[in-house]
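A closer look at the structure
Each chain is listed here by its residues.
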Amino acid sequence: MAMKRGWWFAAAACVAALAGTRASGSGDPGPILDYVTSHALHPIDRAAFAAGNVGIVKPSAPAAVRYLDWRLLTGLETGTDAARALTTPCCGDWQDLTGVWLEARRQVPGLEADYYWVSTERQGPDYTSIPTCFGDAFTTAAATLKARIAAHGATSLWVRAWVDAQDRVFEACSKDGITLPPLDPGAPAWLRADRAYQQAALALYDGRLADAEAAFAAIGRDPTSPWHKLALYLQARTIQRAALTTRESAAFARAHAAIATLAAAPDGTYGRGEVVRMQQVLDYHEHPAALRDRLDRVLNAKTPTPDIAVQFKDYWSLSANQPDKPEAADWIATLGARNREEGLAHATGRWQATHRTAWLVAALGLARPDDAGALPLLRAADRVAADDPAWLTARYHLLRLRIGRVPDATLRPEVDALLARRDLTPSDRNIFLSIRAQLATSLADFTGYALRQPYCKAGAGDCAAVAAEAQLGQRGQDWLGLGDDARMTIDRLPLAERLALGRSARLPTALRLDLTLTNYVRAVLLRRDAAVNETARMLVTLLPQVKADWQRILRTPPGPAKRFAEIFVMTKIPSLRTDLADYARPHGDEASFGGYWDDWFVQLPRGMAPAAFPAAKDYYECRWWDGGAQDDAVDLTCNGRCGEAFPARPASFARPMQAAARSERSAFRRAADLDRGKTGGTTLWEEALAYVTAHPRDPRAGEALYRLNRVGRWGNNHNQLSKRAFRLLHARYPGTVWAQRSPYYYN
């Protein structure tokens, strides 16, 4: 129970990557791209659970959230407290309260300013880690520091000495051999009492449990210590930890006795309310089977208990890897079965044996349209009553298993009716919006459902984690983004339809910028002057940072000079792309535009493979988990959180346009698309270099060479573009600012 593996590191890395993204230049970081959540960290999702609204069951949810689903699907009560407790990440998962302490210590001047991390674990065997310090230690320390500052002032040398010692105590969470700084003989009594407590805590974290027990006992004998009232509880906890460490019967007997002493203490004694939990911890190790059976009875009672989250944590820990799971644990495990066929057979069998819709939900989540048993499941799902908690999940899977197999016109009214409901969470609404967009009959119809509303704020603790370059915009107070499936459809449209979408006033301005910039690149590569002019005219206001360049394009007549003007502005915007799949919006002024340049061919190398659309997996919000998924297994509707994949497919109206869109893509080829070892071809940047070579008096020539050198540095540097631009720049324009800014070339 104490060890945990760091498998979630990739998700954490996703969060870290998010820190560098922004939604717009408004200064408000806005929400993050999390259209579908399964963690129920947001108040809206918690309120839905508390009200008995199960929504679409998501097998990717944490086990405690799946247990909430189980309660609702089997007619058990939830309520606000149980919903909050079970959806709040619990001790040892990924809850981090060290920030509370770090924030508190910043109130003391003169401390190390870049102290921003406290490791709470010690290294265990086989790449595991052992949690040592839990959240309450940091909240207690922060509260104590606040009280000491209030009493003695933030600049007090004694308060500073207190913090220095506390830093060392927390250092012992992850390191051996930590000692506290010497205490000044003249220290006041309050600091001496606190130091005794810090010494006891240090011994506890350091594993010197006998020393810790003795220290807490001494504090208990000192009625003047502010920690006196905590001593009995902490002494019992230390003895309990010793039993769990040694696993000796005598140590367990001592722990039982210490807990009994705490239980017999007068009402109001600190920690007396923890007695049941402490006893349960001992039972977990001494009598696991009996404890699991008892918890199964408690957790399947009609009314939730106040400590339901702690009880479930032990219940799940004792059940998850056992072959003879109780039914609730069996259902929770089956939802996320690693062997789909076995899980489906088991869930179907349990549904047929129990007639519980919970098991039907589990089977539906694992079913694929071509499964032999899919038809009976579909029929059963269609019979789920509208007032059954499983109804919404059943409707989702009916749509998933039927889409593409029955006429879209049959499914469209059903999705419209679902979207008309007022009780959908934002997450579930986004899922049905995605389905409806895929059933769209026209571009206008599609536009009405392509936008999704993210509702999680970065850093607010109400999102699990999603990293993506934010393509969000604001309409009034609402943040909106294009759904993953919608972006895939848009990228598979011919330029004419993309231009029409870019004119739509239904899109927030920032999203029109994204669309218009990618349309501009397409127009340049396709050499369509009318489309270039239309997008440049729009970009005068959408991207005014380079307004003069857009205006120059508009006033230059068709010909080589106009072509050069089109490419010249592209040397200033490194994030330009032809697709929303890998596009990143430029932020700030022109000098701060970030990213790298693509290397588009204007003349293809011989033997280059035919053009293809970006893979569906390129539109995942967060790509670390998609592995080598094939397009038909990519789920852009529920992001893989609702069970088997909802097939990724472009919208209905767009499918007849696929041939024309793919044909256009022959002009979007990049050096990165070349097979390894192949060379040749002429790029857009070489076209610009050729123009500068032929027009030495063009006033932009020096700057263009400087920028082409940068394109080579931060792009593919096809055919040594950087070196050629550098040499021409220094040969022709040696005294210019552009030459001074280009001291090197890059191979």
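Residues numbered from 1 in each chain as written. Predicted model: local features only at pLDDT ≥ 70, side-chain atom pairs only at ≥ 80, totals over all residues. Heavy atoms only, no water.

What follows is about the overall build of the protein. If you tally the helices and strands in the protein, you get 33 helices and nine strands. Taken over the C-alpha atoms alone, the protein extends approximately 95 × 75 × 50 Å along its principal axes. Across the 747 residues that make up the protein, the buried fraction comes to 52%. Contacts in the protein between residues at least 24 apart in sequence constitute 67% of all its contacts with a sequence separation of at least 6. Taken as a whole, the protein presents about 33,200 Å² of accessible surface, with 53% of it coming from carbon and sulfur. For the protein, the distance from the average site of its 92 positive side-chain charges to the average site of its 81 negative ones is 6 Å. (Helix = DSSP H or I, 4+ residues; strand = E, 2+ residues; numbered from the N terminus. Buried < 20%, exposed > 50% of the residue type's maximum accessible area, 1.4 Å probe, protein only. Contact = heavy atoms within 4.5 Å. Areas by Shrake-Rupley, 256 points an atom, 1.4 Å probe, with all protein chains shown as cover. Lys, Arg positive; Asp, Glu negative; His and termini not counted. Charge placed at Lys NZ, Arg CZ, Asp CG, Glu CD.)

All chains considered together, the criterion is met by three cavities of 30 Å³ or more. There is about 170 Å³ of room inside the largest cavity. Of all the elements in the fold, those that place two or more residues in the lining of the largest cavity are helix H2 (43–50), helix H3 (63–73) and helix H21 (426–438). Looking at the lining of the largest cavity element by element, the count peaks at three residues for H2. Partitioning the lining of the largest cavity into residue classes produces eight nonpolar, seven polar and four charged. What lines the second largest cavity is a set of 12 residues, among which Tyr-35, Val-36, Arg-452, Leu-636 and Thr-637 lie closest to the centre. Secondary structure elements with two or more residues in the lining of the second largest cavity: H21 and helix H23 (484–491). (1 Å grid on protein atoms, 1.4 Å probe; cavity = no way out; pocket = protein on both sides within 12 Å on 5 of 7 lines; lining within 4 Å. Points joined across faces, edges and corners; volume = space filled by probe spheres on them. Nonpolar A, V, L, I, M, F, W, Y, C, P; charged D, E, K, R; others polar.)

With that out of the way, let us pick up the pairing of strand E7 (residues 478–482). Two faces, one strand: in a regular strand the side chains alternate between the faces of the sheet. Taking burial as the measure, the five residues of E7 include four buried ones, the bulk of the element. Relative to E7, strand E4 (residues 451–452) runs antiparallel, the two sharing two bridges. Residue pairing in the sheet places Arg-452 in a bridge with Gly-481 of E7. Relative to E7, strand E6 (residues 472–475) is paired through four bridges, and the arrangement is antiparallel. Of the residues in E7, the one forming a bridge with Arg-475 is Asp-478. Linking two consecutive strands that pair antiparallel, namely E6 and E7, is a turn of two residues; a positive phi of about 65 degrees is found at Gly-476 within it. (Pairing = 2+ DSSP bridges.)

Judged by nonpolar contacts, the single largest core of 149 residues is most densely connected at Phe-312, Trp-331, Phe-432, Ile-435, Phe-446, Trp-550 and Met-570. If you tally residues by element for this core, the top one is helix H25 (residues 509–526), at 10 residues. Aside from chain neighbours lying at most four places away, what touches Phe-446 is Ala-437, Ala-440, Ala-486, Thr-489, Ile-490, Leu-501, Ala-651 and Phe-653. By size, the runner-up hydrophobic cluster in this structure holds 54 residues, among which are Ala-141, Ala-187, Ala-243 and Leu-282. (Core = buried A, V, L, I, M, F, W, Y, C linked by side-chain atoms within 4.5 Å.)

Along the chain, Arg-195 falls in helix H8 (residues 189–205). Among the polar contacts listed, one links the side chain of Arg-195 to the backbone oxygen of Pro-181, at a separation of 2.6 Å. (Polar contact = N/O pair within 3.5 Å; in protein donor to acceptor, adjacent residues only side chain to side chain.)

On to the packing of aromatic side chains, then. Across all of its chains, the model carries 18 aromatic pairs by this definition. Considering the side-chain rings of Trp-70 and Trp-331, the 5.6 Å spacing of their centres and the 45 degrees angle between planes classify their relative orientation as tilted. Taken together, the positions of Trp-70 in helix H3 and Trp-331 in helix H15 (residues 327–335) put the pair 261 residues apart, joining distant regions of the chain. Comparing Trp-70 with Trp-331, the two get one shared label, buried. Members of the aromatic cluster, connected to one another through ring pairs, are Tyr-67, Phe-312, Tyr-315 and Trp-316. The side chain of Arg-713 reaches across the aromatic face of Trp-714, ending 4.0 Å from its centre. (Phe/Tyr/Trp six-rings, centres within 6.5 Å; stacked < 30°, edge-to-face > 60°. Lys NZ or Arg CZ within 6 Å of the ring centre and 35° of its normal.)

Turning to the state of the cysteines, a few remarks are in order. Within this structure, the stated rule accounts for two disulfides. Paired through a disulfide, Cys-133 and Cys-173 show a sulfur-sulfur distance of 1.9 Å. Taking the torsion about the S-S bond as the criterion, the Cys-133 to Cys-173 disulfide, at about -100 degrees, is left-handed. You can see Cys-133 sitting in the loop between strand E3 (129–131) and helix H6 (135–152) and its partner Cys-173 sitting in the loop between helix H7 (157–171) and H8, a full 40 residues away along the chain. For Cys-173, a relative accessible area of 0% translates into the label buried. Through a disulfide, Cys-638 is tied to Cys-642; the S-S separation comes to 1.8 Å. Across the S-S bond of Cys-638 and Cys-642 the torsion is about 55 degrees, and the bridge reads as right-handed. We classify Cys-642 as buried; its relative accessible area is 0%. (Disulfide = S-S within 2.5 Å.)

Further remarks concern the pattern of salt bridges. Scanning the entire structure with this criterion turns up 53 salt bridges. The partner of Glu-103 in a salt bridge is Arg-106, and the shortest N-O contact between them spans 2.9 Å. Arg-106 sits in the partly exposed class, given a relative accessible area of 47%. Close ionic contact of Arg-436 with Asp-416 constitutes a salt bridge, the shortest N to O distance being 2.6 Å. Note that Arg-436 is positioned in helix H21 and Asp-416 in helix H20 (residues 408–419), a separation of 20 residues in sequence. Overall, Asp-416 belongs to the partly exposed group, its relative accessible area being 31%. Salt bridges sharing partners connect three or more residues here, namely Arg-577, Asp-582, Asp-598, Arg-669, Arg-670 and Asp-673. (Salt bridge = Lys/Arg side-chain N within 4 Å of Asp/Glu carboxyl O.)

This paragraph deals with helix H18 (residues 374–383). What H18 keeps buried is the set Ala-374, Leu-377, Leu-378, Ala-380 and Ala-381. Along the long axis of H18, the arc covered by the buried residues comes to 165 degrees, so they all point the same way. Those residues of H18 that are buried lie in contact with helix H16 (340–354), helix H17 (357–366) and helix H19 (391–402). (Arc of directions from axis to C-beta.)

As for its position among the elements, Thr-334 is in helix H15. Using a relative accessible area of 6% as the deciding quantity, one classes Thr-334 as buried. Excluding residues within four positions of it along the chain, Thr-334 makes contact with Gly-343, His-346, Ala-347, Trp-359 and Leu-366.

A few words now on the domain arrangement of the protein. Domain annotation for the protein reports domain 1 (98–247) and domain 2 (508–621 + 656–741). Measuring from the centre of the C-alpha atoms in domain 1 to the corresponding centre in domain 2 gives 58 Å. (Domains from an automatic or database assignment.)

Before going further, it helps to examine the environment of Val-163. Looking at where Val-163 falls in the secondary structure, it is placed in helix H7. On a C-alpha basis, the gap between Val-163 and Ala-203 in space is 17 Å, while along the polypeptide they are 40 residues apart.

Further remarks concern the environment of Ala-203. Within the fold, Ala-203 resides in helix H8. Separated by 12 residues in the primary sequence, Ala-203 and Ala-215 have C-alpha atoms spaced 8.6 Å apart. Apart from the residues lying within four places of it in its own chain, the contact partners of Ala-203 are Arg-208, Leu-209, Asp-211 and Ala-212.

Ordered in space as E4-E7-E6, the three strands form an open sheet in which the pairing is antiparallel. Looking along the sheet, the strands with just one partner apiece sit at the ends: E4 and E6.

Let's shift gears to unusual backbone geometry. The phi dihedral of Arg-527 falls on the positive side, at around 55 degrees, and the residue is not glycine. If you trace the backbone, Arg-527 turns up in the loop between H25 and helix H26 (529–542). Residue Gln-720 is not a glycine yet carries a positive backbone phi of 55 degrees. Its location among the elements puts Gln-720 in the loop between helix H31 (701–713) and helix H32 (721–732).

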